[in-house]
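One-letter residues, chain by chain:
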Amino acid sequence: MEQKKGGLKGWQIALLVLLPVLAVCLLAVGILAFNINGIIPGEDTLRPHEQYLYGETDSIPFTPGYCLKTILPNQTITQNDCSIRVDKVEFYNNKTKVYVTIENHSSHPFLFLDSLSEVRQGGKAYSSVQNDPIDASPQLWLDPGSSTSGVISFEVVDFEQDFTVALSGNSATNSDYDRYVFDLKPDTGPESQPFSLS
């Protein structure tokens, strides 16, 4: 009676060796494709703009929108010994940013009312919106002799048309609030280069 030969055949051994190698290769290709598609490796898997939308901006910097144009009005209005200057306006594809400097030259406190501020254009009023995480808002309460600078963001307006920035404040010398109204033109200052993600 013949005894059966034991052991594996050559093709079976080759298959056992190639299967783990093939699995490792497929895993490497999957990880590479995952990263190429724009997903950030590591624990954070949201892109920067997605993190901003969901309020997760600590680990990855906020990516701003595209800046379409910048103007430099450098206009100042003074009322009741309190002055507001519009230093710069940036027009983005997702909002409009107004850079201001506020100075209180009076002997009374001054309250800047950003919630009552607006941009007007073409018969429409555009409200203020939340600032980007990278922008500091101006201080709202100013003691006598103090000043502050910052950014107020508004809804999108047309950067090719005239517009009005109406800012509001209240001082102890006036029971009502003062309106600081700036009539601005789109050709004041240089045109900016579009923001690039590269």
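Here the structure is a predicted model, which means the values were calculated and not measured. (Residues numbered from 1 in each chain as written. Predicted model: local features only at pLDDT ≥ 70, side-chain atom pairs only at ≥ 80, totals over all residues. Heavy atoms only, no water.)

S.K.: Report on the side chain of Glu118, specifying residues and quantitative values.
M.R.: Topologically, Glu118 is positioned in strand E6 (residues 118–121). Engagement of the side chain of Glu118 in a polar contact is seen with the side chain of Arg179, the distance being 3.5 Å. Residues in contact with Glu118, not counting those within four places in the same chain, are Ala125, Tyr126, Phe154, Thr164, Val165, Ala166 and Arg179. (Helix = DSSP H or I, 4+ residues; strand = E, 2+ residues; numbered from the N terminus. Polar contact = N/O pair within 3.5 Å; in protein donor to acceptor, adjacent residues only side chain to side chain. Contact = heavy atoms within 4.5 Å.)

S.K.: Now, about the pairing of strand E3 (residues 82–92): what can you tell me, with residues and values included?
M.R.: Each regular strand carries side chains that alternate between the two faces of the sheet. Burial analysis of E3 places eight of its 11 residues in the buried class, the great majority of the element. Examined bridge by bridge, strand E1 (residues 67–71) and E3 share four bridges and lie antiparallel to one another. By the bridge assignment for E3, Ile71 is matched with Val89. Taken together, the five bridges between strand E2 (residues 75–79) and E3 define a ladder with antiparallel strand orientation. Within E3, the position partnered with Ile77 by the bridge is Ile84. In sequence, E2 turns back onto E3 through a hairpin of two residues, with Asn80 there showing a positive phi of about 50 degrees. (Buried < 20%, exposed > 50% of the residue type's maximum accessible area, 1.4 Å probe, protein only. Pairing = 2+ DSSP bridges.)

S.K.: Outline the nonpolar core, supporting the account with residue identities and numerical values.
M.R.: Most often, soluble globular proteins keep nonpolar side chains buried together rather than apart. Judged by nonpolar contacts, the single largest core of 23 residues is most densely connected at Ile84, Val89, Val100, Phe163, Val165, Leu167 and Phe182. Put simply, the parts of the chain that give this core at least two residues each are E3, strand E4 (96–104), strand E5 (110–112), strand E9 (147–154), strand E10 (163–171) and strand E11 (178–184). What Val165 contacts, discounting residues up to four positions off in sequence, is Val98, Glu118, Val119, Tyr180, Val181, Phe182 and Leu184. (Core = buried A, V, L, I, M, F, W, Y, C linked by side-chain atoms within 4.5 Å.)

S.K.: Could you give an account of the environment of Ile84, with specific residues and numbers?
M.R.: Mapped onto the elements, Ile84 comes out in strand E3. In the structure, Ile84 is positioned 83 residues away from Leu167 in sequence and 8.4 Å away in space, judged by C-alpha atoms. Beyond its immediate stretch of four places on either side in the chain, Ile84 contacts Gln75, Thr76, Ile77, Val100, Thr101, Ile102, Phe112, Leu167, Tyr180 and Phe182.

S.K.: Lay out the side chain of Ser83 in plain terms, naming residues and giving numbers.
M.R.: Following the sequence through the fold, Ser83 ends up in strand E3. Accessibility expressed as a relative area gives 5% for Ser83, which makes it buried. With residues up to four places along the chain from it excluded, the contact list for Ser83 reads Thr76, Ile77, Thr78, Thr101, Ile102, Glu103 and His105.

S.K.: So what's going on with the pattern of salt bridges? Residues and values would help.
M.R.: Under the definition given, this model contains eight salt bridges. Glu118 is paired through a salt bridge with Arg120; the nearest N and O atoms lie 2.8 Å apart. A salt bridge links Lys185 to Asp162; the nearest nitrogen and oxygen atoms lie 3.2 Å apart. With Lys185 in the segment after E11 and Asp162 in the loop between E9 and E10, this residue pair connects regions lying 23 residues apart in the sequence. (Salt bridge = Lys/Arg side-chain N within 4 Å of Asp/Glu carboxyl O.)

S.K.: Give me the lowdown on the pairing of E9, citing residues and values where you can.
M.R.: When you tally the buried positions in E9, you get six out of eight residues, the bulk of the element. Inspection of the sheet shows E4 paired to E9 by eight bridges, in the antiparallel sense. By the bridge assignment, Val98 is partnered in E9 with Ile152. In the sheet, strand E7 (residues 124–129) pairs with E9 via two bridges, with the strands oriented antiparallel. Within E9, the residue paired with Ser128 across the bridge is Phe154.

S.K.: So what's going on with unusual backbone geometry? Residues and values would help.
M.R.: Even without being a glycine, Asn74 presents a positive backbone phi close to 50 degrees. Using a relative accessible area of 53% as the deciding quantity, one classes Asn74 as exposed. One non-glycine residue, Asn80, lies in the positive phi region at around 50 degrees. Mapping Asn80 onto the fold places it in the loop between E2 and E3.

S.K.: I'd like to hear about the environment of Gly150, residue by residue, with values.
M.R.: Along the polypeptide, Gly150 turns up in strand E9. Once the C-alpha coordinates of Gly150 and Val98 are considered, the two residues, 52 residues apart in sequence, prove to be 8.4 Å apart. Ignoring any residue separated from it by four or fewer positions in sequence, one finds Gly150 in contact with Val98, Tyr99, Val100, Ala136, Ser137 and Pro138.

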